[in-house]
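Chain by chain, the residues:
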Amino acid sequence: DAKTTQPNSMESNEEEPVHLPCNHSTISGTDYIHWYRQLPSQGPEYVIHGLTSNVNNRMASLAIAEDRKSSTLILHRATLRDAAVYYCILRKAYGQNFVFGPGTRLSVLP
Amino acid sequence: EAGVAQSPRYKIIEKRQSVAFWCNPISGHATLYWYQQILGQGPKLLIQFQNNGVVDDSQLPKDRFSAERLKGVDSTLKIQPAKLEDSAVYLCASSLVGGGADEQFFGPGTRLTVL
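In short, a report on the structure. (Residues numbered from 1 in each chain as written. Chains lettered and ligands numbered in written order. Predicted model: local features only at pLDDT ≥ 70, side-chain atom pairs only at ≥ 80, totals over all residues. Heavy atoms only, no water.)

Turning next to the overall build of chain A. The helix and strand inventory of chain A stands at zero helices and nine strands. Taking 110 residues into account, the globule formula puts the C-alpha radius of gyration at 13 Å, and chain A, at 13 Å, falls close to it. Across its three principal axes, chain A shows a C-alpha extent of roughly 40 × 30 × 25 Å. The proportion of buried residues among the 110 residues of chain A is 45%. A separation of at least 24 residues holds for 56% of the contacts in chain A among residues at least 6 apart in sequence. By element, 48% of the accessible surface of chain A is carried by carbon and sulfur atoms, the whole surface being about 5,800 Å². Charge-centre separation for chain A: the mean point of 10 positive side chains lies 7 Å from the mean point of 10 negative side chains. (Helix = DSSP H or I, 4+ residues; strand = E, 2+ residues; numbered from the N terminus. Rg over C-alpha atoms; globule rule 2.2 N^0.38 Å. Buried < 20%, exposed > 50% of the residue type's maximum accessible area, 1.4 Å probe, protein only. Contact = heavy atoms within 4.5 Å. Areas by Shrake-Rupley, 256 points an atom, 1.4 Å probe, with all protein chains shown as cover. Lys, Arg positive; Asp, Glu negative; His and termini not counted. Charge placed at Lys NZ, Arg CZ, Asp CG, Glu CD.)

On to the packing of aromatic side chains, then. Scanning the entire structure with this criterion turns up 10 aromatic pairs over all chains. With 6.0 Å between their ring centres and 80 degrees between their planes, Tyr-36 of chain A and Phe-106 of chain B make a pair best called edge-to-face. Of this pair, Tyr-36 of chain A sits in strand β3 (residues 32-38) while Phe-106 of chain B sits in strand β10 (residues 105-106), each in a different chain. The burial state of Tyr-36 of chain A is the same as that of Phe-106 of chain B; both residues are buried. These aromatic residues form a ring-pair network of at least three members: Tyr-36, Tyr-46, Tyr-87 and Phe-100 of chain A together with Tyr-33, Tyr-35 and Phe-106 of chain B. (Phe/Tyr/Trp six-rings, centres within 6.5 Å; stacked < 30°, edge-to-face > 60°.)

Listed by partner, the interface residues are 19 residues for chain A and 19 residues for chain B. Here chain A packs against chain B, burying approximately 1,400 Å² in sum over the two surfaces, 48% of which is carbon and sulfur. Here chain A is connected to chain B by zero salt bridges. The interface formed by chain A and chain B contains nine residue pairs in polar contact (both at pLDDT 80 or more). If you list the elements that add at least two residues to the side of chain A that touches chain B, you get β3, β4 (45-50) and β8 (84-91) of chain A. Among the elements that line the side of chain A that touches chain B, the one with the most residues is β3 of chain A, at four residues. (Buried area = accessible area lost by both parts, 1.4 Å probe. Salt bridge = Lys/Arg side-chain N within 4 Å of Asp/Glu carboxyl O. Polar contact = N/O pair within 3.5 Å; in protein donor to acceptor, adjacent residues only side chain to side chain.)

Residue and element names in this part refer to chain A. A one-sided burial pattern is seen for strand β9 (residues 104-109), the buried positions being Thr-104, Leu-106 and Val-108 and the unburied ones Arg-105, Ser-107 and Leu-109. The sheet contact formed by strand β1 (residues 9-13) and β9 spans five bridges and is parallel. Opposite Asn-13, over in β9, you have Leu-109 as the bridge partner. Across three bridges, the pairing between β8 and β9 is antiparallel. The partner of Tyr-86 across the bridge, within β9, is Thr-104. (Pairing = 2+ DSSP bridges.)

A few words now on the state of the cysteines. Structurally, a disulfide amounts to a covalent bond that connects the sulfur atoms of two cysteines. All names here are of chain A. In this structure the tally under the stated criterion is two disulfides over all chains. Cys-22 shares a disulfide with Cys-88; S-S distance 2.1 Å. On the S-S bond that ties Cys-22 to Cys-88, the torsion sits near -80 degrees, and the link is left-handed. Of this pair, Cys-22 sits in strand β2 (residues 18-23) while Cys-88 sits in strand β8, placing them 66 residues apart in sequence. Residue Cys-22 shares its accessibility class with Cys-88, and that shared class is buried. (Disulfide = S-S within 2.5 Å.)

A few words on the sheet that holds β3 of chain A. All names here are of chain A. Read from one edge to the other, the open sheet built from five strands follows the order β1-β9-β8-β3-β4, with strand pairing classed as mixed. Strands at the two margins of the open sheet, each flanked by one partner only, are β1 and β4. Between one strand axis and the next, the sheet turns through 25 degrees on average, direction left out of account. (Axes fitted to C-alpha atoms, helices over the stretch in contact; angles between N-to-C directions.)

Next up on the list: the pattern of salt bridges. For the coordinates displayed, the defined rule picks out six salt bridges over all chains. We note a salt bridge from Arg-77 of chain A to Glu-15 of chain A, for which the minimum N-O separation is 3.4 Å. With Arg-77 of chain A in the loop between β7 (70-75) and β8 and Glu-15 of chain A in the loop between β1 and β2, this residue pair connects regions lying 62 residues apart in the sequence. In this structure Arg-77 of chain A comes out as exposed when scored by relative accessible area, which is 54%. Asp-86 of chain B is paired through a salt bridge with Arg-64 of chain B; the nearest N and O atoms lie 2.5 Å apart. Note that Asp-86 of chain B is positioned in the loop between β8 (75-79) and β9 (88-95) and Arg-64 of chain B in the loop between β6 (53-56) and β7 (65-69), a separation of 22 residues in sequence. Summarising the burial analysis for this pair, Asp-86 of chain B and Arg-64 of chain B share the class buried.

The structure is reproduced here in structure tokens:
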């Protein structure tokens, strides 16, 4: 299974943009890039996903490198409620499953 | 729309006892997943159902864990007998069809403590 590598932790100031990196050098052409986050004492929640092109939704933006070997989750204005563990996960087209790594713990400072 | 429901939210048992967890997925979702999350780690997939058939149970410890999905809707996960290392949060998730672009919706989890 293709694996992802993320920094263990990151810190951001409130109301500033946050760029969360993810490396996936062994990604295959049919792997989707998914991002989930997990707030304290809650189940993970979906943030965004993409295949080849950059994606935007109400929560975040996903920037995918041209060679697809890395991606960046962008939170445009961090709030205290964005403090969570963020997971970058690869998923094959026919749904073989999510392998969660340890993720990146994001702290947001007021 | 209603989310994924799980019960109980918390359970404390002694080792060698049995325990069961229940999950009700989002209506119309064909795919159901059970994950185990040990403190400080990411969730680990235990079993994936497509309707009422098993798609992947490669990481389910089958000597003590079992799961079923009744009529392709609700699901139960059972541990018999429990060990200390089974202490974890058990998460249920569901998705519409289970494909690569599918979004998974997670329940709140059941926190199991084995003494």
